[in-house]
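Working through the structure, step by step
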Amino acid sequence: MNNIADSLRRQLPILLIALLASLGLATTASAGEGSIVFIKKHDIWIADPDGSNQHRITWDGTEGSPYLSPSQADDGTIAAGHLNDIVRMKQNGDVINEIDPPALRNSVGHLMDRLPVNVAISPDGKRIAWSFVGYECDSTIDCGIRTATGYTDANRPTPVSKYGSTFFSNPSWAGNSRTIQSGGFGSQVMIHDPGSEPVHWFDDSDYAEYSTDLSDSELSTDGSRLATVRGYGSDTQLFTYVVSGNAKSGPVPGVPSPDCMTGTEEGIAGPTWAPDNSFLAWENDEGIWTGDLGNCASADPKLVIPGGSEPDWGPAANNPGPGGVRLPFTSLKRALRKGLPIDFISTGKSTVRFKVKLGRNVVASDQGVAPNAGPMRGLVKFTRSARKRLLRMRKVRLTVSVTQSGKTTTGAGVLTR
């Protein structure tokens, strides 16, 4: 097995190139095809791999209720965490559906619920994995962070019994029927086939004399390479490995061989492979970087999206098109009193018509004139009869349509008291 020291000597050029990049002296490498979805200013955005053509997908993320861990299927469908739901949407922000994932049991038998994190949609878009993370401390257990990961069908909430769950976190898909997860000491890189028991793959101690923890692992599309985050705090670095054998199905392959590494730096996280299986994107405190980690001697790391975080690189082109109707976070009580805010993307100066439905019933409608193109917010008042009905409810799901210049876009949202 390769030793970390040997690997460091062999891959020293990438450390020098990273330094040159920080000085603005590195040349630009081609970052491949597809698109990167990411978080910026609490919302979901999409960009070309070189950071150009950035489009804002959502508009209702806030510091108190941000969107988390966007993930995209091969067709560009996006899944992310928001409030207590997993939200599935198109690239233009049109919501396909929202799922409130079921509670999961952690390693001490306690139920975990509420905010889904580490959301990951399968390449074929049919299943979504997510994690719950929380800190527990009581008289019966040692204080510490507890995690659990579950699965749901993308188009409907799914009982935990269908696919099972684990006590690990940071799921990433290796094909459509397997995930790689992280579990800390003794279970740093785990493999889980939904419906089966998780299996240990390897730990840092399998090849390093002075070992630490590995986390946030992701397999390349062709299964030939693995990326992971190694270490903590200021000792964190990005590692890639060459995989011998098939890690996408069947028995677990042998321990992979360390290949490339970056220098240590606090804030490194979220490695995600490009469709070409060579380039990699990741985040640090400055934003989102890409580099050709398939060619360590000329990796040319480049900051492509300053201020971005939680990248996910997929093969779908960056082509959101028109649309993007969202209900900003507000309470049902406030909406009944002040009106329902509706965010949308205006196509230009023209009349805009709004319609809000509860099931098949129209509960609000209005119209106004958008002064120009770009992001807009309308405010629509509920009808008197609708207010009486909604006052008796604690949680409602509303669908919204916005019509402008003959084109209608739709969205949906859940309001609670």
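Note: the structure precedes this text.
Scope of this entry: the structure provided in the associated data block. All values derive from a computational prediction rather than experimental measurement.

What counts and what doesn't
- Residues numbered from 1 in each chain as written.
- Predicted model: local features only at pLDDT ≥ 70, side-chain atom pairs only at ≥ 80, totals over all residues.
- Heavy atoms only, no water.
- Salt bridge = Lys/Arg side-chain N within 4 Å of Asp/Glu carboxyl O.
- Helix = DSSP H or I, 4+ residues; strand = E, 2+ residues; numbered from the N terminus.
- Buried < 20%, exposed > 50% of the residue type's maximum accessible area, 1.4 Å probe, protein only.
- Pairing = 2+ DSSP bridges.
- Phe/Tyr/Trp six-rings, centres within 6.5 Å; stacked < 30°, edge-to-face > 60°.
- Lys NZ or Arg CZ within 6 Å of the ring centre and 35° of its normal.
- Patch = residues over 30% accessible without salt bridge, like charges linked within 9 Å, V, L, I, M, F, W, Y side chains within 5 Å.
- Areas by Shrake-Rupley, 256 points an atom, 1.4 Å probe, with all protein chains shown as cover.
- Lys, Arg positive; Asp, Glu negative; His and termini not counted.
- Charge placed at Lys NZ, Arg CZ, Asp CG, Glu CD.
- Axes fitted to C-alpha atoms, helices over the stretch in contact; angles between N-to-C directions.
- Core = buried A, V, L, I, M, F, W, Y, C linked by side-chain atoms within 4.5 Å.
- Contact = heavy atoms within 4.5 Å.

**Notes on the pattern of salt bridges**
According to the stated counting rule, one finds seven salt bridges in the structure shown. A salt bridge links D204 to R230, with the nearest nitrogen and oxygen atoms 2.9 Å apart. Of this pair, D204 sits in the loop between β16 (199–202) and β17 (214–219) while R230 is found in strand β18 (residues 225–230), placing the two residues 26 residues apart along the sequence. For the pair formed by D204 and R230, the shared burial category is buried. Here D343 makes a salt bridge to R377, at a shortest N to O gap of 2.7 Å. Of this pair, D343 sits in strand β26 (residues 340–347) while R377 sits in strand β29 (residues 373–380), placing them 34 residues apart in sequence.

**Details of the pairing of strand β23 (residues 287–292)**
Buried residues dominate β23, accounting for six of its six residues. Across six bridges, strand β22 (residues 279–284) lies against β23 in antiparallel orientation. Within β23, the position partnered with A281 by the bridge is T290. In textbook terms, the turn of a hairpin is the stretch between consecutive antiparallel strands, and for β22 and β23 this stretch comprises two residues. Judged from the four bridges that link them, β23 and strand β24 (residues 302–306) form a sheet pairing that is antiparallel. Bridge pairing in β24 links G287 to P306.

**Here's the deal with the packing of aromatic side chains**
Enumeration according to the criterion identifies eight aromatic pairs in this entry. Arranged with centres 5.9 Å apart and planes meeting at 75°, the rings of W130 and F132 form a pair that is edge-to-face. You'll find W130 and F132 in the same group, each marked buried. Taken together, the ring pairs in this structure connect W201, F202, Y207, F239 and Y241 into an aromatic cluster. The ring centre of W45 lies 4.1 Å from the NZ or CZ of K40, which sits over that ring. Positioned above the aromatic ring of F239 is the side chain of R230, whose terminal nitrogen or guanidinium carbon lies 5.4 Å from the ring centre.

**Some points on a negative patch on the surface**
A grouping of E265, E266, D285 and E286 is seen on the molecular surface, where their side chains present a negatively charged patch. Among the structural elements, D285 can be located in the loop between β22 and β23. Given the relative accessible area of 65%, D285 is considered exposed.

**Things to note about the sheet that holds β23**
Reading across the sheet, the four strands line up as β21-β22-β23-β24 and stay open at both edges, with antiparallel pairing between neighbours. With one partner strand each, in any of the chains shown, β21 (269–273) and β24 form the two edges of the open sheet. In this sheet, neighbouring strand axes are inclined to one another by 25° on average, regardless of whether the strands run parallel or antiparallel.

**Points about a positive patch on the surface**
On the surface, K333, R334, R337, K338, K381, R394 and R417 cluster together to form a positively charged patch. Secondary-structure assignment places R394 in the loop between α5 (384–390) and β30 (395–404). Among the residues examined, R394 registers a relative accessible area of 64% and is labelled exposed.

**Examining the environment of K302**
Checked against the element boundaries, K302 lands in strand β24. K302 sits 54 residues away from K248 along the chain, and the two C-alpha atoms are 30 Å apart.

**Regarding the nonpolar core**
Within the largest apolar cluster, 25 residues are counted, with the highest numbers of intra-cluster contacts made by L340, I342, V356, F382, L398, V402 and L415. Contributions of two or more residues to this core are made by α4 (332–338), β26, β27 (350–358), β28 (361–370), β29, α5 and β30. What L340 contacts, discounting residues up to four positions off in sequence, is L327, A335, V356, G378, L379, V380, F382, L398 and L415. V189, L219, L226 and A247 belong to the second-largest nonpolar core, a separate cluster that totals 16 residues.

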